[in-house]
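# Structural overview
The lines below spell out each chain.
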There are 2 protein chains.
Amino acid sequence: MTSNPSAGPRPADRPRRLPDLNALELLVTVAETGSLGRAAARLGISQPAASERMNLLERRLGLQLVHRSTTGSRLTDTGVVVNDWARQVLEAAQALAEGVDALVSRQDGRLQIAASLTLAEHLLPGWLVTLRTLSPGVHVGLQVANSQQVIEAVRRQDADLGFIESPATPRDLRTAVVAHDRLVVVTAPGHPWTRRKQPLTGAELASTPLVLREAGSGTRDTLQRALRAWNGPCEPVLELGSTTPLRAAAAGGAAPAVLSQLAVADDLAARRLVEIPTTDDLALQRTLRAVWRKDTELTDPAQHLLRITRRS
Amino acid sequence: MTSNPSAGPRPADRPRRLPDLNALELLVTVAETGSLGRAAARLGISQPAASERMNLLERRLGLQLVHRSTTGSRLTDTGVVVNDWARQVLEAAQALAEGVDALVSRQDGRLQIAASLTLAEHLLPGWLVTLRTLSPGVHVGLQVANSQQVIEAVRRQDADLGFIESPATPRDLRTAVVAHDRLVVVTAPGHPWTRRKQPLTGAELASTPLVLREAGSGTRDTLQRALRAWNGPCEPVLELGSTTPLRAAAAGGAAPAVLSQLAVADDLAARRLVEIPTTDDLALQRTLRAVWRKDTELTDPAQHLLRITRRS
DNA sequence: CGAGGTCATAGGCACAACTTATCGCGTGCC
DNA sequence: GGCACGCGATAAGTTGTGCCTATGACCTCG
């Protein structure tokens, strides 16, 4: 089985209560409109409902967030701070919503795109949010696959635009660089490699059993190419098509993992994983590219999206 | 009144439904445990409740996320993608929860910290999340104020550790650099400055009415210092103690604003605001610092937090 | 072939949250 | 100075959502 039965590194900080996104949205809207009533109207609920919802939020958090007056409502000092945190959460939620929308309209979107997993997970939602704020009319359809399959989809015209992370760039398609990424070697915090003084060499990495993405994925391709001089990576301990269980396995101490910087940023920040420096002769950088057919002109929305991606 | 009555740049994409954070948490837990039942147990709900919740999530999103079998549940391909987006949202939500916790225990925390608004809003929650995962026992109390007041709080020993963004570093306190920041000039997308070919000069900026943070804030101090050679910024159009309405005012076209890069990153990405390049002689960089008393040894948790901040 | 795991279904209950209607109260206009 | 308007709070009633326990159907493995 692929799933780790004894997984579950989180001990027992469970009693934490998650906030209600609708309440957070209300807070943000009150901050913008300056009134509970106007906020209620904009959110399409009645004024008492907004009043009640805000009360509930304040009671749950144990903080007074808005200062009510007969002329309207203003945020308190703590309200200002919480409001900004709330905006971060809503931003992420909006990215999720945008991505889900695109996944749902995989067929009927006006703009069909295909993206590799890493790109779809970490970069695309943000781009889609921007695209929507700039031109709300476009309906995007998203298909997620590994880099090889993305290329095929673009060739077959199943997708107007593709995003790949593989080092192999097909000659029969137009490409544009949209971002840069780097693979990093990560281990559990207690791993012997974390106490190394010298950077990890290609030979060492190539001879160590790892947990890896599946063959055909851009991540695996890049690693394979980087370790070619040392006869590729040896047989992996575990091989999976998604990063979440890989991260869990690595964090659990199963074996080192090689993953995109984008995929492990959170875990590194939270010290669930530790990055192991490598020698410079290991070419673990990679370029994320957009690809499209040479013979067809890019549609307007496709051009728009491409412009957005190239600015970040 | 300070709030903008006609504010509300969002037109009418309201019908978007926000996901339920508990459902998202269930999704990532299923991904980790590989079973609805185990996920239910970990979240402290019954197995049927988890089953139902997951069904509801799938119906709401219009996507099949998990593949149920008699041996357990695994994520579908789209489930893997959505799972990763969900983790982002939860990460932000956890940061919010951590921050709220700290605000609530402003008095009874074992580690008392005080931070300026920009730091508290954008950097601190992430640090607190890390701190909690590393040493779950510590209770942090957070007080938010402007840089001047933070310094006072540390002097009075109301706070063990302070975080400031002001260019003036008090001589009677120990300091450590924790991050770097930069002020940026931003305008609404249609503003004449967005069509400039030449970078904005200090003289121009100094003679233009702006929307600004209040005096005493680190942001205002930095700007004042940078524009000293041109006799400081002229009388502001609007002066506020928080960034949200400032951003709204700037995005609405009221006047250019000068704000922390951290505060406007989202708006820049979404093209709600545009950054105006400035000449190099404008010293808009600034250093974010931790401060504490020279005469008292830092407590263990305080040292821990400081170590965390210095790695990012 | 039985035991133990999985998830789904059914029935019943509780509470959370929304609605409409109304009130109290400041502000500002005339 | 008085009156109307807009704000938020309160009240009462209803709906619906989500949870629990109990049970059933199914697959897998020993």
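Residues numbered from 1 in each chain as written. Chains lettered and ligands numbered in written order. Predicted model: local features only at pLDDT ≥ 70, side-chain atom pairs only at ≥ 80, totals over all residues. Heavy atoms only, no water.

## Focus on the relation of the copies chain A and chain B
The operation linking the two copies of the chain is a rotation about an axis combined with a translation along the axis. Filter applied, for reference: The fit set for superposing copies consists of C-alpha atoms from residues with pLDDT of at least 70 in both; the fit itself is least squares. In what follows, a contact means two residues having at least one pair of non-hydrogen atoms within 4.5 Å.
You can overlay chain A on chain B at an RMSD of 0.1 Å; the transform is a turn of 180° with a shift of 0.0 Å along its axis. Put plainly, the chains are arranged around a two-fold axis. Among all residues of chain A, the one whose C-alpha sits closest to the rotation axis is Val89 of chain A, at a distance of 3.0 Å. Mapped onto chain B, 97% of the interface residues of chain A are again interface residues, and the two copies thus contact each other with one and the same surface.

## Quick word on the packing of aromatic side chains
Residues and elements named next belong to chain A. Quick reminder of the rule: The pairing test for Phe, Tyr and Trp rings, Trp by its six-membered ring, is centres within 6.5 Å, and the orientation test on the planes gives stacked under 30 degrees, edge-to-face over 60, and tilted for anything in between. Strands are runs of DSSP state E lasting at least two residues, helices are runs of H or I lasting at least four, and both sets are numbered from the N terminus onward.
The tally for this structure, following the rule as stated, stands at two aromatic pairs over all chains. Aromatic pair Trp127 and Phe163: ring centres 5.5 Å apart, planes at 45°, arrangement tilted. Here Trp127, found in helix 6 (residues 124–134), pairs with Phe163, found in strand 5 (residues 161–164); they are 36 residues apart in sequence, far enough to count as distant.

## Observations regarding the protein's contact with DNA strand D
Our working rule: For this purpose, a residue is taken to be near a molecule or strand whenever a single non-hydrogen atom of the residue falls within 4 Å of it. Within 3.5 Å is the distance limit for a polar contact, defined as a pair of N or O atoms, with the added protein rule that one can donate a hydrogen and the other accept it, and that residues adjacent in sequence qualify only through two side-chain atoms. The nonpolar class holds Ala, Val, Leu, Ile, Met, Phe, Trp, Tyr, Cys and Pro. Asp, Glu, Lys and Arg form the charged class, and all remaining residues, Gly among them, are polar.
Around DNA strand D, 22 residues are found, and the nearest of them are Leu36, Ser51 and Arg68 of chain A together with Ser46 and Arg53 of chain B. When the atoms of DNA strand D within 4 Å of the protein are sorted by group, sugar and phosphate make up 75%. Here Ser51 of chain A contributes a side-chain N or O atom positioned 2.3 Å from a phosphate oxygen of DNA strand D. A distance of 3.0 Å is found between a base nitrogen of DNA strand D and a side-chain nitrogen or oxygen belonging to Thr70 of chain A. Residue assignment for the surface near DNA strand D shows that the elements contributing at least two residues are helix 2 (36–43), helix 3 (47–61), strand 1 (66–69) and strand 2 (72–75) of chain A together with helix 3 (47–61) of chain B. No other element matches helix 3 of chain B, which puts five residues into the surface near DNA strand D. The residue makeup of the surface near DNA strand D, split by class, is six nonpolar, 12 polar and four charged.

What is shown is where atoms sit, not what they do.
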